[in-house]
Amino acid sequence: MPVSDNPFDEDIYLRLNPDVRQAVTVGAFRSGREHFERYGRAEGRPWVRPESVVRDRVVMTGRPVRQVLTAPAAAVDTVQVSPSGALFVVGWVDDAQDPLESIDVFVTSWSVSFDAATLGRLRRIDAEGSLGRAARHAYGYWTFLYAARPLASGHCSVILRLKSGTEASFAVTASSLDDHEMRKIVLAHLAGAAYFGNPYFLGVAAIAPAIGAQLVAFNQLLTRRALQSPYVERFGAVGRRYRGSIIVCLYGKPEFMFLQMAMFARQAGIGDYEFIYVSNSPHIAEALLREARLCTRIYGVDISVVALHGNAGFGAANNAAVPFAASARLLVMNPDVFPYHADFIARHDAAVEGCPAPQTDLFGVPLYYDDGSLMHAGMHVEVDRLPHLGAGARAPTQVLRVEHYGKGAPAETARFLAPRAVPAVTGAFMSLARGWFERLGGFTQDYVFGHYEDADFCLKSSAAGRTAWLHDARLWHLEGKGSARLAQHEGGAIVNRWLFTKTWGQTVTRDVIATAPTRLRKGAGRRG
Amino acid sequence: MNILLISLYHPELVRGGAQTIAYELFQGLRARPGISVNLLTSIDQTSPALYKAGARITGFDGRPGEFLFLSRDYDYAWEKSGDEHLAAAFEDFLRLLQPDVVHFHHFMTFGIDYLTLTRRVLPAARIVFTAHEFLTICAANGHMVRRTDQSLCARASAVRCHQCLPVLPPEHFFIREMWMKAHLAVVDVITVPSRFMIAPFVAWGVPVKTLVHVTNGTDLPAPAAAVTREKRNCFGFFGQLVDVKGVHVLLAAVEILRAEGFTDFSVEINGDNAQFATPGRRAELEAFMAAEGALPFAARRVTFNGSYHPDQLPALMARIDWCVVPSVWWEIFCLVISEAWHFGRPVIAGDRGGPAERITDGVDGLLFGIGDARALAAIMRRVSTEPGLWERLAGGIARPAGRDEMVEGMAAVYRGGGVSRLAAA
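Residues numbered from 1 in each chain as written. Chains lettered and ligands numbered in written order. Predicted model: local features only at pLDDT ≥ 70, side-chain atom pairs only at ≥ 80, totals over all residues. Heavy atoms only, no water.

(A) Local environment of the overall build of chain A. Counting its secondary structure elements, chain A contains 16 helices and 23 strands. Radius of gyration (C-alpha) of chain A: 33 Å, far over the 24 Å computed for a compact globule of 528 residues. Each principal axis of the C-alpha distribution contributes one length, and for chain A these read about 115 × 75 × 35 Å. The buried share of chain A, taken over its 528 residues, is 52%. Sequence-distant contacts in chain A: of pairs separated by 6 or more residues, those separated by 24 or more amount to 78%. Carbon and sulfur atoms make up 52% of the accessible area of chain A, which totals about 24,000 Å². Here chain A contributes 56 positive and 50 negative side-chain charges, whose respective centroids are spaced 4 Å apart. (Helix = DSSP H or I, 4+ residues; strand = E, 2+ residues; numbered from the N terminus. Rg over C-alpha atoms; globule rule 2.2 N^0.38 Å. Buried < 20%, exposed > 50% of the residue type's maximum accessible area, 1.4 Å probe, protein only. Contact = heavy atoms within 4.5 Å. Areas by Shrake-Rupley, 256 points an atom, 1.4 Å probe, with all protein chains shown as cover. Lys, Arg positive; Asp, Glu negative; His and termini not counted. Charge placed at Lys NZ, Arg CZ, Asp CG, Glu CD.)

Structure follows, in structure tokens:
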């Protein structure tokens with residue numbers, strides 16, 4: 001029997017509530033019933049004979065009381081702006097129960113509102129400690145926006161609004177930092193983010209709604225600036241035409257110029273090639289020019305140095321070098337690539353001259369690690385998927401992964417070395433018909449710093465009717481040793497992974513992989 | 001024949017084996033008819049007063065045929081100079097002299113790439129390179145001593161070199177090997193002062209036909225009059241007080257003998273440059289010196305004489321009976337052995353490298369396990385007490401090769417041949 005069905009019993013009420021009996025005795029209330037009606041019911045005072053209490057059931061004793069709204073525990077760690085209009089916001093909020101709805105930022109001359117769905121969410125161990133929570137909830141948030149117009153720094157109000165309407169507001173200072181520093185800090189932040197789960201997927205997922213596109217747009221601005229009026233100097237012969245132009249993009253390590261010169265200068269036929277070194281590091285430009293002069297004197301090679309004003313990234317830097325090439329054949333090469341055979345040039349030339357154009361417009365070669373094992377014999381693209389197991393029907397997070405054929409295989413593994421068409425070849429070495437390279441518009445310049453431009457270019461070529469090939473003219477590749485690798489580059493790699501997946505995910509799934517992963521339907525596999 | 005000798009440092013500015021040999025060769029060649037020879041030795045910031053503003057190559061102290069290369073901006077990691085004007089000056093110097101033979105006694109302070117530059121400027125010249133250690137193979141000062149356990153290294157590889165210098169990745173050493181070999185490839189002949197060096201170079205990939213053994217040789221002052229002593233218990237160390245020379249092994253042997261109660265001997269340490277020893281070894285040496293100095297004079301067994309000039313050798317050698325070479329590296333040739341033999345002193349040395357090749361154990365000297373202080377102590381006790389041993393070993397000493405033998409060997413190399421057998425095995 002529900003409690004509400006019980007008749008009110010004056011004696012029981014006064015027995016269960018001695019303070020009320022006292023109040024009635026002194027005349028504060030006429031009866032226990034009066035107290036119950038005026039206060040007792042709302043206070044939830046006991047009024048039912050104990051032996052009549054219903055056990056193991058919730059009994060509604062009155063209307064739900066609307067809770068008083070209190071500001072959520074939250075913090076705004078940083079608000080930073082750059083001269084070109086980039087905005088970076090980082091903080092955390094306890095929205096485990098009441099989800100974040102939006103973040104509004106107000107500065108004297110501008111304001112912006114971010115939908116929570118566009119924010120990057122990440123794990124904040126410091127917030128978990130501060131809140132004393134052990135729940136698997138990503139309290140951290142961050143966002144990045146490229147406004148493409150100057151944003152004033154200074155006093156700033158930030159309001160975090162939850163779904164319930166609760167707000168937390170903060171008065172902070174929006175600090176200003178250089179555009180390049182902004183890129184560096186934001187990408188390092190992305191690289192260093194912690195998640196409840198695999199960062200490989202969750203890093204991409206964090207930037208997919210909005211941040212990824214904003215970072216790419218901001219990076220494009222810095223790339224355009226880096227490419228403006230490069231300093232170009234020629235060493236050696238001027239006005240010659242060559243059989244090929246070897247283009248090497250340098251970042252941070254000028255010594256690879258003289259190291260490559262020493263090894264390649266010994267090759268028969270190298271005199272028919274010129275070298276074009278394009279520098280993404282302004283601070284090494286002076287050393288590079290000096291070494292180029294030395295190399296021309298010591299090795300007798302013809303070199304052009306194209307010094308950019310900043311780090312334009314691999315694709316843009318190589319594109320920038322092409323106009324200075326005096327040949328119809330481009331050999332795009334990493335600085336940590338060296339000849340494996342004494343007749344690399346002869347083998348390369350034999351491939352170019354002995355094979356039809358579809359096999360030579362774009363081709364790569366087998367590359368080897370310093371330990372003698374195979375490092376590259378063409379590339380293929382794989383799809384990784386992370387299913388969403390939470391509520392609601394959401395497509396799995398999908399990430400494209402580029403793999404090398406034969407990585408780590410014994411040096412002479414014939415099936416990897418045979419000349420053949422491959423889905424893609426690494427940008428560590430690509431031999432290209434200049435006309436084809438230019439017809440495709442060169443490397444896509446949207447990628448941040450480096451990685452994925454090579455696969456992107458090969459897929460562009462494939463889509464335009466020329467599949468990449470592999471020919472057997474071998475090189476050493478001391479992967480990753482030709483440039484300095486910093487946290488910002490790791491962040492750039494995440495952006496590139498997202499961009500490459502966004503650009504080519506559908507094509508790769510449909511045309512390259514061509515099969516969706518097998519899923520078991522309910523009841524599948526049953527017999528009879 | 002027009003010859004240009006190139007050497008790291010001038011021996012009168014910075015002492016050292018390679019430059020001493022280069023200078024001996026220069027003097028020997030100059031005395032030969034039909035040979036015109038010039039010597040280009042380098043200086044660095046150890047001789048700042050000799051730099052002249054705007055100059056890259058100058059004369060040296062008014063001496064005909066001797067020139068100084070004013071090295072600067074040298075990169076020891078890649079063994080090259082980054083100064084383009086130096087390279088231009090070197091090229092001009094080659095064009096000016098037009099030597100038929102360019103003989104590098106070292107590339108350090110010039111650059112290993114100057115070999116390639118020389119070949120480019122003088123396509124027909126004979127280029128000779130003398131390996132005074134294994135610096136082309138080994139980035140750890142060319143000593144081929146493993147820094148992991150101080151053992152002698154018989155084979156360089158990317159991973160093994162990385163273990164010695166872990167701050168650099170294996171790929172660095174892979175590139176370094178290619179870089180060194182690219183430049184050595186332009187050399188017509190690599191000469192080595194000891195035959196045992198041929199095997200490591202061949203194992204490293206240098207064609208055996210490129211390698212020729214030519215002994216080092218020096219002219220030394222005449223010995224002092226022989227002194228007959230009742231006991232032959234005076235030991236001498238000659239050399240730099242750096243780790244690989246192993247003076248610490250000798251001092252440890254002294255401590256062992258003292259602990260055993262045997263004190264009827266004396267040791268004279270001749271040499272300096274302790275500042276180039278590792279901090280640990282230097283501290284060890286200085287502590288020993290302080291402790292020895294604190295002993296009553298009669299109880300002291302070790303005397304530290306400091307640096308010496310070759311002209312002092314007759315007197316210094318006359319004071320000792322045995323020359324100890326406790327080196328803990330390969331000790332490529334060991335000029336000290338030649339000096340000791342020249343003065344009739346048998347040598348007690350570690351049983352590897354140059355000493356092992358030159359000394360016949362029990363005939364003209366004695367060998368002990370390299371780096372083994374206890375074995376050295378046992379030998380020191382034996383030779384101090386065994387009657388007739390000194391006389392027998394001193395009598396077994398053959399006259400060491402002098403300057404003339406070396407000049408003759410090198411002249412044959414310059415003419416296109418070699419004079420010594422290739423013991424490449």
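(B) Fine view of the nonpolar core. Counting residues in each nonpolar core, the largest one holds 216 residues, and the members touching the most others are Trp142, Phe144 and Ile303 of chain A together with Phe90, Trp179 and Phe201 of chain B. The residues contacting Phe90 of chain B, other than those within four sequence positions of it, are Ile6, Leu40, Ile57, Phe69, Phe104, Phe110, Tyr114, Leu117 and Thr118 of chain B. Phe237, Phe368, Ala373 and Trp390 of chain B belong to the second-largest nonpolar core, a separate cluster that totals 35 residues. (Core = buried A, V, L, I, M, F, W, Y, C linked by side-chain atoms within 4.5 Å.)

(C) Expanded view of the pairing of strand E13 (residues 302-306) of chain B. Residue and element names in this part refer to chain B. As paired strands, strand E12 (residues 266-270) and E13 are joined by 4 bridges and run parallel to one another. Bridge assignment links Glu268 to a residue of E13, and that residue is Thr303. Taking the sense of rotation as the criterion, the β-α-β connection linking E12, helix H8 (residues 279-294) and E13 turns out right-handed. (Pairing = 2+ DSSP bridges. Right-handed = clockwise from strand over helix to strand, strands pointing away.)

(D) Representation of helix H14 (residues 403-415) of chain B within the structure. Residue and element names in this part refer to chain B. In this model H14 runs 18 Å from its N-terminal to its C-terminal C-alpha over 13 residues, within 8% of the 18 Å that 1.5 Å per residue would give. For H14, the full list of buried residues reads Arg403, Met406, Val407, Gly409, Met410, Ala411, Ala412, Val413 and Tyr414. In this fold, the buried residues of H14 make contact with strand E1 (2-7), helix H1 (17-30), strand E7 (101-104), strand E8 (126-130), strand E9 (189-192) and strand E10 (211-213). Two residues or fewer past H14, Gly416 is found with a positive phi of approximately 115°. (Expected span 1.5 Å × (residues − 1).)

(E) Molecular detail of the environment of Arg382 of chain B. All names here are of chain B. Inspection of the secondary structure puts Arg382 in helix H12 (residues 373-385). Among the residues examined, Arg382 registers a relative accessible area of 35% and is labelled partly exposed. The spatial distance from the C-alpha of Arg382 to the C-alpha of Asn233 is 9.5 Å, given a sequence separation of 149 residues. Those residues within four positions of Arg382 in sequence are excluded, and the remaining contacts are Leu366, Leu389 and Arg392.

(F) Structural detail: unusual backbone geometry. Residues and elements named next belong to chain B. Phi is positive for Glu331, which is not a glycine, with a value near 45°. You can see Glu331 is positioned in the loop between strand E14 (322-325) and helix H10 (335-342). Phi is positive for Cys334, which is not a glycine, with a value near 75°. Structurally, Cys334 is set in the loop between E14 and H10.

(G) Broad picture of the side chain of Asn270 of chain B. Residues and elements named next belong to chain B. Turning to its location among the elements, Asn270 is positioned in strand E12. Among the residues examined, Asn270 registers a relative accessible area of 1% and is labelled buried. Side chain to side chain, Asn270 and Asn305 meet in a polar contact 2.8 Å long. Among residues more than four places away in sequence, those in contact with Asn270 are Phe237, Phe238, Gly239, Asn305, Gly306, Tyr308 and Leu316. (Polar contact = N/O pair within 3.5 Å; in protein donor to acceptor, adjacent residues only side chain to side chain.)

(H) Structural detail: the domain arrangement of chain A. Domain boundaries in chain A define domain 1 (3-52), domain 2 (74-224) and domain 3 (227-513). On a C-alpha basis, the centroid separation for the pair domain 1 of chain A and domain 2 of chain A is 55 Å. (Domains from an automatic or database assignment.)

(I) Quick look at the pattern of salt bridges. Under the counting rule described, the total for this entry stands at 54 salt bridges over all chains. Of the charged contacts in the structure, one is a salt bridge between Glu167 of chain A and Arg161 of chain A, with a shortest N-O distance of 2.7 Å. Classification of Arg161 of chain A as partly exposed rests on a relative accessible area of 25%. Residues Arg243 of chain A and Asp349 of chain A are paired through a salt bridge, measuring 3.4 Å at the closest nitrogen-oxygen approach. Of this pair, Arg243 of chain A sits in the loop between strand E9 (231-235) and strand E10 (244-250) while Asp349 of chain A is found in helix H11 (residues 344-354), placing the two residues 106 residues apart along the sequence. Look at the salt bridges and you will find they share partners, linking Arg229, Arg232, Asp321 and Glu391 of chain B into a network. (Salt bridge = Lys/Arg side-chain N within 4 Å of Asp/Glu carboxyl O.)

(J) Spotlight on the domain arrangement of chain B. Residues and elements named next belong to chain B. Here chain B is partitioned into domain 1 (2-218 + 403-424) and domain 2 (234-395). Here the C-alpha centre of domain 2 lies 30 Å away from the C-alpha centre of domain 1. Every contact between the two is made by 22 residues of domain 1 and, on the other side, 16 residues of domain 2. Where domain 1 abuts domain 2, roughly 1,500 Å² becomes buried across the two surfaces, and 67% of that area is made up of carbon and sulfur atoms. Inspection of the domain 1/domain 2 interface yields 0 salt bridges. Run the count over domain 1 and domain 2 and you get 6 residue pairs in polar contact (both at pLDDT 80 or more). By residue number, the principal contributor to the side of domain 1 that touches domain 2 is H1, which donates 3 residues. (Buried area = accessible area lost by both parts, 1.4 Å probe.)

(K) View of the environment of Ala237 of chain A. Residue and element names in this part refer to chain A. Position of Ala237 among the secondary structure elements: in the loop between E9 and E10. Distance in space between the C-alpha atoms of Ala237 and Gly300 is 9.5 Å, their sequence separation being 63 residues. In this view, Ala237 contacts Tyr242 and Asp302; residues no more than four positions away in its chain are not counted.

(L) Just the packing of aromatic side chains, in detail. Tallying each qualifying case throughout the model produces 45 aromatic pairs over all chains. On the basis of an interplanar angle of 75° and a centroid distance of 6.3 Å, the ring pair of Phe264 of chain A and Phe344 of chain A is categorised as edge-to-face. With a gap of 80 residues between them, Phe264 of chain A in helix H8 (residues 255-264) and Phe344 of chain A in helix H11 connect regions that are remote in the sequence. Look at Phe264 of chain A and you get buried, because its relative accessible area is 0%. In this structure Phe344 of chain A comes out as buried when scored by relative accessible area, which is 1%. Stacked on the ring of Tyr405 of chain A, the Lys or Arg Arg420 of chain A has its end atom at 5.6 Å from the ring centre. For the cation-ring pair, Lys181 of chain B lies above Trp204 of chain B, with the distance from its terminal atom to the ring centre recorded as 5.0 Å. (Phe/Tyr/Trp six-rings, centres within 6.5 Å; stacked < 30°, edge-to-face > 60°. Lys NZ or Arg CZ within 6 Å of the ring centre and 35° of its normal.)

(M) Representation of the sheet that holds strand E14 (residues 337-339) of chain A in the model. All names here are of chain A. An order of E14-E23-E16-E17 is seen for the 4 strands of this open sheet, with the pairing classed as mixed. The open sheet has two free edges, formed respectively by E14 and strand E17 (374-376), since each of these has just one partner strand. Packing of H8 onto the sheet brings it into contact with E14 and strand E23 (475-477), and relative to E14 it is tilted by some 15°. (Axes fitted to C-alpha atoms, helices over the stretch in contact; angles between N-to-C directions.)

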